[in-house]
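Chains, contacts and geometry: an overview
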Amino acid sequence: MSTAKAIAQDVRTGTRRAAAVLEEYLGRIELHDSDIHAFNTVTAEQARAAAASIDAAVSQGRDPGPLAGVPIAFKDNMCTRGVPTTCSSRMLETWSPPYDATVVQAMTAAGAVMVGKTNLDEFAMGSSTEHSAFGPTRNPYDLTRVPGGSSGGSAAAVAAGFVPLALGSDTGGSIRQPAALCGIVGIKPTYGRVSRYGLVAFASSFDQIGPFAADVADAALALEVISGHDPGDSTSIPTAVPDYDAALGKGVEGLRVGVISELTGGGRNGSRNGGGNGNLLEGIDADIAERVLEAADALAEAGAVVGSVSVPAVTYGLTAYYLIAPAEASSNLARYDGTRYGLRIDGADVEEMNRLTRRAGFGDEVKARIMLGTFALSAGYYDAYYGKAQRVRMLTRRDFDAAYADYDVLLSPTSPCVAFRFGERSDPMTMYRCDTCTIPSNLSGDPAMSVPFGTGTDDLPVGVQILAPALGEETMLTVAAALERAAPPLPAPQMAAGGASGGA
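Sequence order as written defines residue numbering, which begins from 1 separately in each chain. Totals for whole chains, interfaces and linings use every residue, but because this is a predicted model, local features are given only for residues with pLDDT of at least 70 and side-chain atom pairs only at 80 or more, for both listing and counting. Each side-chain value is derived from all of the structure's non-hydrogen atoms; neither hydrogens nor water enter the calculation.

From N to C terminus, the protein includes 17 helices and eleven strands. Radius of gyration here uses only the C-alpha atoms, and the compact-globule reference equals 2.2 Å multiplied by the residue count raised to the power 0.38. Taken against the 2.2 N^0.38 rule, which gives 23 Å for 504 residues, the C-alpha radius of gyration of the protein at 22 Å falls within 12% of a compact globule. Projected onto its principal axes, the C-alpha positions of the protein cover 65 × 60 × 50 Å. For every residue, the accessible area obtained with a 1.4 Å probe (protein chains only) is divided by the maximum for its type, and the residue is called buried under 20%, exposed over 50%, and partly exposed between those limits. By the burial criterion, 60% of the 504 residues in the protein qualify as buried. Here a helix means four or more residues in a row that DSSP labels H or I, a strand means two or more in a row labelled E, and each is numbered from the N terminus.

Right, let's get into the pattern of salt bridges. Salt bridges are defined by distance alone: a side-chain nitrogen of Lys or Arg within 4 Å of a carboxyl oxygen of Asp or Glu. Counted according to the given criterion, the structure contains 23 salt bridges. Between Arg 145 and Asp 458 there is a salt bridge whose closest N-O contact spans 2.6 Å. Highlighted residues: Arg 145 in the loop between strand 3 (113-118) and helix 5 (152-159) and Asp 458 in the loop between strand 10 (448-455) and strand 11 (461-467), separated in sequence by 313 residues. Classification of Arg 145 by relative accessible area gives buried; the value is 6%. We classify Asp 458 as exposed; its relative accessible area is 52%.

Turning our attention to the pairing of strand 7 (residues 256-260). With respect to burial, strand 7 is a largely interior element, four of its five residues being buried. Pairing between two strands requires that DSSP report at least two bridges joining them. Judged from the three bridges that link them, strand 7 and strand 9 (residues 409-413) form a sheet pairing that is parallel. What sits directly across from Val 257, in strand 9, is Val 409.

Our next topic: the environment of Val 241. Along the chain, the position of Val 241 falls in the loop between helix 7 (216-226) and helix 8 (244-247). Distance from Val 241 to Ile 7, taken between C-alpha atoms, is 23 Å for residues 234 residues apart in sequence. Those residues within four positions of Val 241 in sequence are excluded, and the remaining contacts are Arg 193, Glu 224, Ser 227 and Gly 228. Residue contacts are counted whenever heavy atoms from the two residues lie within 4.5 Å of one another.

With that settled, the discussion passes to the side chain of Asp 215. Note that Asp 215 resides in the loop between strand 6 (208-213) and helix 7. A positive count includes Lys and Arg, and a negative count includes Asp and Glu. His and the chain ends are not counted in either. Buried and unpaired, Asp 215 has no salt bridge, with Lys 5 as the nearest side chain of opposite charge at 7.8 Å. We call two N or O atoms a polar contact when they sit within 3.5 Å, provided that within protein one can donate a hydrogen and the other can accept it, with sequence-adjacent residues counted only if both atoms are side-chain atoms. Among the polar contacts listed, one links the side chain of Asp 215 to the backbone nitrogen of Ala 217, at a separation of 3.4 Å. Within polar-contact distance, the side chain of Asp 215 engages the backbone nitrogen of Asp 218 at 2.8 Å.

Now for the side chain of Thr 80. Summarising the element assignment, Thr 80 is placed in the loop between strand 2 (71-75) and helix 4 (102-109). Thr 80 sits in the buried class, given a relative accessible area of 1%. Side-chain polar atoms of Thr 80 contact the side chain of Lys 117, separated by 2.9 Å. When near neighbours in sequence (up to four residues on either side) are disregarded, Thr 80 contacts Thr 85, Pro 97, Tyr 99, Asp 100, Val 104, Met 114 and Lys 117.

Only the six-membered ring of Trp is used, alongside the rings of Phe and Tyr, when aromatic pairs are assigned; centres must lie within 6.5 Å, and planes under 30 degrees apart are stacked while those over 60 apart are edge-to-face, with the rest tilted. According to the stated counting rule, one finds 15 aromatic pairs in the structure shown. Seen from their ring centres, Tyr 336 and Tyr 341 are 6.0 Å apart, and the 75 degrees between their planes marks the pair as edge-to-face. Each ring, one from Phe 375 and one from Tyr 381, has its centre 4.4 Å from the other, and the planes form 35 degrees; the classification is tilted. Classification of Phe 375 by relative accessible area gives partly exposed; the value is 37%. Its relative accessible area of 36% is what places Tyr 381 among the partly exposed residues. Taken together through their ring pairs, the aromatic side chains of Trp 95, Phe 123, Tyr 336, Tyr 341 and Phe 362 make up a single cluster. In this analysis the charged atom, NZ for Lys or CZ for Arg, is taken to sit over a ring once it is within 6 Å of the ring centre and within 35 degrees of the ring normal. The lysine or arginine in question, Arg 28, covers the ring of Tyr 25, its NZ or CZ lying 4.5 Å from the ring centre. Geometry around Phe 206 places Arg 393 over its ring, the cationic atom sitting 4.1 Å from the centre.

The next point concerns the pairing of strand 9. For a regular strand, side chains alternate in direction, first toward one face of the sheet and then toward the other. Of all five residues that make up strand 9, five are buried, and the element is covered over most of its length. Bridge count for strand 9 against strand 11 is four bridges, and the pairing is antiparallel. Paired with Pro 413 across the two strands is Val 464, which belongs to strand 11.

Glancing now at the sheet that holds strand 10. Taking strand neighbours across the sheet as the criterion, the eleven strands line up as 1-3-2-4-6-5-10-11-9-7-8 in an open arrangement whose pairing is mixed. Looking at strand neighbours, the two that pair on one side only are strand 1 (39-42) and strand 8 (305-309), the edges of this open sheet. Here the average twist between neighbouring strands, direction ignored, is 30 degrees. The axes are straight lines fitted to the C-alpha atoms, using for helices just the contacting stretch, and the angles between their N-to-C directions are given from 0 to 180°. Across the sheet, helix 17 (residues 473-486) touches strand 5 (185-188), strand 9, strand 10 and strand 11, and the angle it forms with strand 10 is around 10 degrees.

Viewed as axis vectors pointing N to C, helix 11 (residues 317-332) and helix 14 (residues 382-404) meet at an angle of 120 degrees, and their least axial separation amounts to 8 Å. When the axis of helix 11 is compared with that of helix 14, the two are oblique. Every pair of crossing elements has a handedness; the one defined by helix 11 and helix 14 is left-handed. Across from Ala 320, Leu 323, Ile 324, Ala 327 and Glu 328 in helix 11, the residues of helix 14 making contact are Tyr 385, Tyr 386, Ala 389, Gln 390, Val 392 and Arg 393. Under this grouping Gly is polar, as are all residues other than the nonpolar Ala, Val, Leu, Ile, Met, Phe, Trp, Tyr, Cys and Pro and the charged Asp, Glu, Lys and Arg. Residue composition of the contact of helix 11 with helix 14, by class: eight nonpolar, one polar and two charged. If an angle is under 35 degrees, it is roughly parallel; if it is over 145, roughly antiparallel; if it lies from 65 to 115, roughly perpendicular; otherwise it is oblique. Note: crossing handedness is left-handed where the near helix turns anticlockwise from the far helix by less than a right angle, and right-handed where it turns clockwise.

Dropping the structure here:
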């Protein structure tokens, strides 16, 4: 399977035509997506017009950009002008935005070709892509299992070879966790590194857009394209974008790598170069923790200085997040009232119309989070719940700052388990624990990414999470490239019912 970098190089030099590349990928989607359901919408004709425009530019001696002719998919909560942006919800099933999100503009300007919008947990609320109003997405490695969530469609599209690149959003792990379960690379940048303009809001102080790719180099290229200051986003950081590609070959000699003891049990036999508490946080499978320790060993062999580090606040991240994020969601989703856009169910008066519209438009998981968030913000409970959760968020920030005083990057599992079967985590707490390892970096706002590193139960992919301090993407990518070089090869994904195989 061609990488995004190879496709762009071939198209820019005229070795391949963007139109031919596109038809190859559209053919895979047509053949296999009925089994996987990565896409809510496939924009074939729009993509053909874009590919033709790129080929015309090349024939005229113009450079279409660093992603020339590369097919890309966007999570269906990113605004695309004239193309449905549903958030996998009945509430927005027929809505098409009048503008493009900033990241969509950036990708298009770089020469990427949008082939469609990908499925997600409704309004990005979930960890399995089982909570889509349009049906679940299946994991290309095993069609009886989930791809993770909420960006499961984007992750599955890359893993299945439908696109070399896809964008997702990460509020509590929604890029990294599905990347781990689907055996690909996923990056959550520093909060503010990538513009959120045009991303349908879930929890505004957590939401961040990032790329999925089959390898670290492609993910770094995509991150570089979408990063940068945007006046349209008040939280966008006004700082220059580094050359991420140059970071990939630096090597890890002398870099300090801390293995988070609370998420790995502190190392084999309870200690690793200085100790740890020896207690594995509830819900993290032992084989997952073992892959992280093997990744740490690989980095040590490559010259990194590896030790164990305690970040106590990670044990409270889940409880804090599931108060703050629903509170922000209850505010953000109040706009869906049947009067401005999206679904409208008529009633006897405005109050009844609001009630009927929301009852019909929102799924059960979204309703549950809205109610939880509204309760946390209500009079008499604000200080007891929301206020305390915000104090835990500050404690998390403090604990990470202390860890980064001693280490350049941190390691942990990405997901506490491999891909699980549909319906296996039906109670909310079991499902919410899927985010145990990823939520802390959303609370702190720091960058983190998942890199495939071997397999776990049933020979399914395991992701190792690399965490870095704010704006530390360069060092994070250096470590990711080193891990990728040392990683055991993954088996090929199943691709389709009946065992049709293919690489990702």
